[in-house]
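Next come the chains, spelled out residue by residue.
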Amino acid sequence: MPITKAARVHRIHVITGSLLLWMTLGTYLDGWAHTHVVSTEESFLTPWHGVLYSGWLGAAAWIYLHRDLPGYRLGLKGAIAFGLGGIFDFAWHTAFGIEVDMEALISPPHLLLVTSHLVMIATPLLAAWGSEMPRRVGWREFTPAALSLVAGVALVSFITPYGSPFNDHVPSVVFAEGTFAAETRFRLAQEDGVLTFWVCTLIYVLPLLAVLRRWRPPFGTATLVIGLSAVGVMVVDPLLLGAPVLALPGIAAGLFADVLVAKLDPGPERRRSLLAFGALTPLPIVALSLLAIELEWGLGWGVNFVTGSMAIASLVGVGLALALTVPERREVAA
């Protein structure tokens, strides 16, 4: 019995998702090697990179061959960006050395690799989203989308272990009273600092994006939303009382967001403007907060933590904007 066109396309999507999952497994294998395999020096030519980059090459070639399918051209752009990210990573290592621990998770070239990897991973999910697939589906129909979801969430979890409850037992007595308490204090402080910029982007940018889907608020709205919160937190926390310099970045960031609203006019019909608002609004929150700390106490973070934190906050803002601007589809049969 000849294979129908729909079955052939479905098989293409399954293979795409499988190759991308292989690429994600290679990422985990490389991460495991960095923490478990003792090596005197770093090298690009490792078995772990072989798994990762063979997955990338296979997925990139497969996506290119089927670039005319819905969602595949965006995946091809992600594959190209991943290759450029590898070159950027090599140049970054040459300039600033090999990152370890938290720095490896948030360095800008690694964030570019992860972001482009996520764009590739989205390929089968976007194809399924734009199809006539009914709302109620079985595993056979949903397999390509499921592969995308599994690989995507796994990759985000890989790059954000500091926000996971599954890999640390910090609340335990071992950390509270044992020898780990002193040894891990600085690492936990780093994790807390990076996670702060994830959370603040959710707290401040998500409500503004939601409002912009319905209204264009008057100038000053964002300044009040972000600025008053910054002043309130500074006043309430006894550790920060007397350090008003930390409230100024919130006021300035709110003013910057109001200027973006006035200049970009972001809204549901202006998707690119809304994405730009999501990407740009968190940047002064991070940059000015770190500048205030530098001026008042001196900053203990290096280039990877500063640039990586800004990149992370911007990516979270873009992700929120994307989630709020997913095009609606017409109803299909259940």
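Residues numbered from 1 in each chain as written. Predicted model: local features only at pLDDT ≥ 70, side-chain atom pairs only at ≥ 80, totals over all residues. Heavy atoms only, no water.

Q: What should I look at first to understand the overall build of the protein chain in this one?
A: When its secondary structure is counted, the protein chain shows 14 helices and zero strands. In the protein chain, which comprises 334 residues, the share counted as buried stands at 37%. Put simply, of all contacts in the protein chain between residues at least 6 apart along the chain, 74% involve residues at least 24 apart. A total of about 18,900 Å² of accessible surface is found on the protein chain, and carbon and sulfur atoms cover 69% of it. (Helix = DSSP H or I, 4+ residues; strand = E, 2+ residues; numbered from the N terminus. Buried < 20%, exposed > 50% of the residue type's maximum accessible area, 1.4 Å probe, protein only. Contact = heavy atoms within 4.5 Å. Areas by Shrake-Rupley, 256 points an atom, 1.4 Å probe, with all protein chains shown as cover.)

Q: Any chance you could explain the pattern of salt bridges here in plain terms?
A: When their charged atoms lie close together, side chains carrying opposite charge are able to pair. By the definition in use, this model includes two salt bridges. With a shortest N-O distance of 3.1 Å, Arg 73 and Asp 68 are connected by a salt bridge. As a salt-bridge pair, Arg 216 and Asp 265 come within 3.5 Å of each other at their nearest N and O atoms. A residue pair is termed long-range when its members are at least 10 positions apart, and Arg 216 in the loop between helix 9 (185–212) and helix 10 (221–236) and Asp 265 in the loop between helix 11 (248–264) and helix 12 (271–280) qualify at 49 residues. According to the relative accessible area criterion, Arg 216 is partly exposed, its value standing at 48%. What makes Asp 265 partly exposed here is its relative accessible area of 30%. (Salt bridge = Lys/Arg side-chain N within 4 Å of Asp/Glu carboxyl O.)

Q: Looking at this structure, how should I read the side chain of Asp 258?
A: Position of Asp 258 relative to the elements: it lies in helix 11. Within the buried core, Asp 258 has no salt-bridge partner, and the shortest N-O distance to an opposite charge, that of Arg 216, equals 9.1 Å. A polar atom in the side chain of Asp 258 sits 3.1 Å from the backbone nitrogen of Ala 222. Once residues within four sequence positions are removed from consideration, Asp 258 is found in contact with Pro 218, Phe 219, Gly 220, Thr 221, Ala 222 and Thr 223. (Lys, Arg positive; Asp, Glu negative; His and termini not counted. Polar contact = N/O pair within 3.5 Å; in protein donor to acceptor, adjacent residues only side chain to side chain.)

Q: Before we go on, may I ask you to explain empty space enclosed by the protein in this structure?
A: In this approach the atoms are scanned with a rolling probe the size of a water molecule, which exposes any empty space left behind. Summed over the entire model, instances satisfying the criterion amount to one cavity of 30 Å³ or more. Looking at the largest cavity, its volume works out to about 40 Å³. Looking at the largest cavity, the residues that line it are Leu 208, Leu 212, Pro 217, Thr 221, Ala 222, Asp 258, Val 261 and Phe 277. For the lining of the largest cavity, the elements supplying multiple residues, two or more each, are helix 9, helix 10 and helix 11. For the lining of the largest cavity, the class distribution of residues is six nonpolar, one polar and one charged. (1 Å grid on protein atoms, 1.4 Å probe; cavity = no way out; pocket = protein on both sides within 12 Å on 5 of 7 lines; lining within 4 Å. Points joined across faces, edges and corners; volume = space filled by probe spheres on them. Nonpolar A, V, L, I, M, F, W, Y, C, P; charged D, E, K, R; others polar.)

Q: I keep staring at the environment of Val 51 and nothing clicks. Help me out?
A: Looking at the secondary structure, you find Val 51 in helix 2 (residues 47–65). Val 51 sits 27 residues away from Thr 24 along the chain, and the two C-alpha atoms are 9.4 Å apart.

Q: Would you take a moment to explain the packing of aromatic side chains for this structure?
A: Each aromatic ring pair is characterised by the separation of its centres together with the angle its planes make. As enumerated under the stated definition, the model contains seven aromatic pairs in all. Residues Phe 197 and Trp 301 carry aromatic rings whose centres are separated by 6.4 Å and whose planes lie at 75° to one another, so their mutual orientation is edge-to-face. Remark: Trp 301 occurs in the loop between helix 13 (282–296) and helix 14 (303–324) and Phe 197 occurs in helix 9; sequence separation between them is 104 residues. With respect to burial, Phe 197 and Trp 301 carry one shared label: buried. Among the aromatic residues, ring-to-ring pairing joins Tyr 53, Trp 56 and Phe 82 into one connected group. The ring of Tyr 64 is capped by Arg 67, whose NZ or CZ atom sits 4.1 Å from the centre of that ring. (Phe/Tyr/Trp six-rings, centres within 6.5 Å; stacked < 30°, edge-to-face > 60°. Lys NZ or Arg CZ within 6 Å of the ring centre and 35° of its normal.)

Q: Could you clarify how one ought to interpret the packing of helix 1 (residues 5–36) against helix 6 (residues 139–159) in this entry?
A: Working note: a packed helix pair is described by the angle between its axes plus the distance between those axes. As a packed pair, helix 1 and helix 6 sit with axes 9 Å apart at the nearest point and diverge in direction by 20°. Taken together, the axes of helix 1 and helix 6 are roughly parallel relative to one another. Of the two elements, helix 1 crosses helix 6, and the hand of that crossing is left-handed. Residue-level inspection shows Ala 7, His 10, His 13, Val 14, Gly 17, Ser 18, Leu 21, Thr 24, Thr 27, Tyr 28 and Gly 31 of helix 1 in contact with helix 6, the latter providing Arg 140, Glu 141, Thr 143, Pro 144, Leu 147, Val 150, Ala 151, Ala 154, Leu 155, Ser 157 and Phe 158. (Axes fitted to C-alpha atoms, helices over the stretch in contact; angles between N-to-C directions. Parallel < 35°, antiparallel > 145°, perpendicular 65-115°, else oblique. Left-handed = near helix turned anticlockwise from the far one by under 90°.)

Q: Just checking my understanding: could you explain the nonpolar core for this structure?
A: Met 23, Trp 56, Phe 82, Met 120, Leu 209 and Phe 277 are the most contacted members of the largest nonpolar core, which has 52 residues in total. A total of eight residues in this core trace back to one element, the largest contributor, which is helix 9. Excluding its chain neighbours within four sequence positions, the residues that come into contact with Met 23 are Leu 52, Gly 55, Trp 56, Phe 82, His 117 and Met 120. (Core = buried A, V, L, I, M, F, W, Y, C linked by side-chain atoms within 4.5 Å.)

Q: It is not clear to me how the layout of surface pockets should be interpreted in this structure. Could you clarify?
A: Its boundaries defined by the atoms lining it, the second largest pocket holds a volume of some 1,500 Å³. In terms of lining residues, the second largest pocket is bounded by 40 residues, among which Leu 118, Val 119, Ala 122, Gly 319 and Leu 322 are the most central. Of the residues contributing to the lining of the second largest pocket, the split by class is 30 nonpolar, seven polar and three charged.

Q: Please explain helix 6 as it appears in this structure.
A: The α-helix winds at 3.6 residues per turn, so residues separated by three or four positions along the chain end up facing the same way. When the terminal C-alpha atoms of helix 6 are compared, their 28 Å separation across 21 residues agrees well with the 30 Å that a helix rising 1.5 Å per residue should span. At Ala 145, helix 6 is deflected by roughly 40°, the largest bend along its length. Burial in helix 6 covers these residues: Pro 144, Ala 145, Ala 146, Leu 147, Ser 148, Ala 151, Gly 152, Leu 155 and Ile 159. (Expected span 1.5 Å × (residues − 1). Bend = angle between axes of the 7 residues up to and from the residue.)

Q: Explain a nonpolar patch on the surface here, please?
A: A cluster of nonpolar residues, Ile 80, Leu 84 and Ile 87, forms a patch on the protein surface that exposes about 320 Å² of accessible area. Locating Ile 87 in the fold gives a position in helix 3 (residues 72–96). Taking the relative accessible area as the measure of exposure, Ile 87 reaches 57% and is therefore exposed. (Patch = residues over 30% accessible without salt bridge, like charges linked within 9 Å, V, L, I, M, F, W, Y side chains within 5 Å.)

The values reported here are purely geometric and, on their own, carry no functional implication.
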